[in-house]
Structure formats: structure tokens, C-alpha cells
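One letter stands for each residue in the lines below.
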Amino acid sequence: MNYYYKLVIFLLINFGALWLGSFLQGEGARSSWYQSLELAPWTPPGWAFGVAWVSIMICFSFFMAYAADLRSLSFVLLLFILQFILNVSWNAIFFRYHFVGAGLVVILLLTIITGFFVFWGIKHLQWKTLLVLPYFIWLLLAISLNWYTWIRN
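Residues numbered from 1 in each chain as written. Predicted model: local features only at pLDDT ≥ 70, side-chain atom pairs only at ≥ 80, totals over all residues. Heavy atoms only, no water.

Enquirer: Sorry, what's going on with the packing of aromatic side chains here?
Expert: Two measures describe an aromatic ring pair: the distance that separates the ring centres and the angle between the ring planes. Tallied over the full model, the rule gives 23 aromatic pairs. Their ring planes at 80° and their centres at 6.4 Å tell us that Phe-63 and Trp-120 sit as a pair that is edge-to-face. Of the two residues, Phe-63 sits in helix 3 (residues 46–67) while Trp-120 sits in helix 5 (residues 100–125), which places them 57 residues apart along the sequence. Owing to a relative accessible area of 0%, Phe-63 belongs among the buried residues under this scheme. Among the residues examined, Trp-120 registers a relative accessible area of 8% and is labelled buried. For the cation-ring pair, Lys-128 lies above Tyr-66, with the distance from its terminal atom to the ring centre recorded as 4.6 Å. (Phe/Tyr/Trp six-rings, centres within 6.5 Å; stacked < 30°, edge-to-face > 60°. Helix = DSSP H or I, 4+ residues; strand = E, 2+ residues; numbered from the N terminus. Buried < 20%, exposed > 50% of the residue type's maximum accessible area, 1.4 Å probe, protein only. Lys NZ or Arg CZ within 6 Å of the ring centre and 35° of its normal.)

Right, dumping it as C-alpha cells:
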């Protein structure tokens, strides 16, 4: 299977995750519950989340298309599936069910998996690992936001 075909598959899956996550979150940041929370002073404006996630999923799709060419693919795909489940479920856990502490656990696990992609990628994909760094860095920010929300509310 050629690289571009794999790229299209990962783009569809990753953007499907964004769509599914937004569907599962209900009203999300527009909800009265979320609006009543004390948020971290460093919370980005609402539009930044959309821009960030679109950019992250494009980069992550390129990264996964490169990763799909390697021998350790089955383990990487297992982690990709776990990443997908955690990424999508966080939206429902945090926004729909208001389980802020459980959301923090989910986002910590997601960050650990994404961190694995970073360290695994350095060994196997060298410079192409830069494609997963935006995801990892955004998750570090998201942990701080989720943690602040959990502590202050």
C-alpha cells in the first residue's frame, strides 16, 4: 500500500475522531456548566482549539502514514487505537458527564501514549518525529488546563 493511500486513511480516521469527539461532548464549551467553571488564566481562546486540533491531526496523520511502513506496525497500530479511544472519550467524560478528575486521568494516559510515539519515532523515523510533537505539546497544555479546572472547581 503506498504512502498517500495510508495518509488518506489516517486523515479520515483522525478527522473522524475529531467529529466523533465533538459529537460526544454535547454542548461542550458553550454549555452553562463549562461557562460557570473557573478556568486557567492561560486558557487559549475558543477558536484556538479548532485550529490546534485540525493542525495536530494533519501532522499526526502524516506521522502515522510514515509509521505504517515499519515492521513494528502492529504495536504502533494498537497504540494508535488506544490513542483514538482516549482522545474521543475525553470529550464525553469531561464535557458531557462533567467528570473533570476522570478526564485528567484520560488525558494523562493519552499524553503517555503520545509521548511513546515521540520517543519511538526518534529511533525509527528520525526527523519525521517532529510531526507528532505538536500533539504532545498540546496535550501537555491540556493537562495543565484540565488539572487547573479540577483543582479550582
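Enquirer: I would appreciate a short explanation of the packing of helix 5 against helix 6 (residues 133–152) in the present structure.
Expert: Running from N to C, helix 5 and helix 6 cross one another at 160°; their axes reach a closest spacing of 9 Å. Between helix 5 and helix 6, the interaxial angle falls into the category roughly antiparallel. Helix-helix and strand crossings are classified by hand; for helix 5 and helix 6 the assignment is left-handed. Contacts between helix 5 and helix 6 involve Val-100, Gly-101, Gly-103, Leu-104, Ile-107, Leu-108, Leu-110, Thr-111, Thr-114, Gly-115 and Val-118 on the former and, on the latter, Leu-133, Tyr-135, Phe-136, Leu-139, Leu-140, Ala-142, Ile-143, Asn-146, Trp-147, Thr-149 and Trp-150. Its residues assigned to classes, the contact of helix 5 with helix 6 comprises 15 nonpolar, seven polar and no charged. (Axes fitted to C-alpha atoms, helices over the stretch in contact; angles between N-to-C directions. Parallel < 35°, antiparallel > 145°, perpendicular 65-115°, else oblique. Left-handed = near helix turned anticlockwise from the far one by under 90°. Contact = heavy atoms within 4.5 Å. Nonpolar A, V, L, I, M, F, W, Y, C, P; charged D, E, K, R; others polar.)

Enquirer: What exactly am I supposed to notice about the environment of Val-88 here?
Expert: Structurally, the position occupied by Val-88 is in helix 4 (residues 73–96). Classification of Val-88 by relative accessible area gives buried; the value is 6%. As a C-alpha pair, Val-88 and Ser-31 span 57 residues in sequence and 18 Å in three-dimensional space. When residues no more than four places from it in sequence are discounted, the contact partners of Val-88 are Ala-17, Leu-20, Gly-21 and Leu-24.

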